[in-house]
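Chain by chain, the residues run as shown.
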Amino acid sequence: VQKFPPGPPEGLNVDRITRNTVSLSWRPPRNDGGSKIKGYIIQCKHSRETEYSDINGYPHNDLTYTVLKLTEKDEYSFQVCAVNEVGPGEPSRPTPNIKIGEQPNQPKIDLSGVRDIKVRASEDFSVNINYTGFPK
């Protein structure tokens, strides 16, 4: 069976920005190239640079990554490449340039765990709902 590098990861998202970090998340590529994905290489480019450089030296297993030691008020762009046994594939679509600095985030509510709820009159019930937010 012929194997190829994987396709680009999808849905690269900036989840959180602080005064010196950026948290990223993404989805696996649609095409693994015929070989299991070993991990991901996260790449960064300062707004003054023209080329992306690798942040991590070996493939990262998760679909999230926090980039550390960024310079406050500078701007960076990020992209991610999937890696299989053939090697790294095409990069994801890059993020726009992101200005580093503490940023409040609107609250996000995760309703994925909530299903149809049936309650009879006079019965107590409770619902656990996950949420995140970073106020000013």
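Caption draft 1: Spotlight on the packing of aromatic side chains. Throughout the structure, instances matching the rule amount to two aromatic pairs. Ring centres of Trp-26 and Tyr-40 lie 5.5 Å apart, and the angle between their planes is 65°; on these two criteria the pair is classed as edge-to-face. Remark: Tyr-40 occurs in strand E3 (residues 39–46) and Trp-26 occurs in strand E2 (residues 22–27); sequence separation between them is 14 residues. Considered together, Trp-26 and Tyr-40 belong to a single accessibility category, that of buried residues. Between Tyr-76 and Phe-78 the ring centres are 6.4 Å apart and the planes differ by 25°, which places this aromatic pair in the stacked class. Judged on exposure class, the residue Tyr-76 and its partner Phe-78 are both buried. One residue, Lys-45, lies across the ring of Tyr-52, its end atom 5.7 Å from the ring centre.

Cut-offs applied
- Residues numbered from 1 in each chain as written.
- Predicted model: local features only at pLDDT ≥ 70, side-chain atom pairs only at ≥ 80, totals over all residues.
- Heavy atoms only, no water.
- Phe/Tyr/Trp six-rings, centres within 6.5 Å; stacked < 30°, edge-to-face > 60°.
- Helix = DSSP H or I, 4+ residues; strand = E, 2+ residues; numbered from the N terminus.
- Buried < 20%, exposed > 50% of the residue type's maximum accessible area, 1.4 Å probe, protein only.
- Lys NZ or Arg CZ within 6 Å of the ring centre and 35° of its normal.

By themselves these figures say nothing about function.
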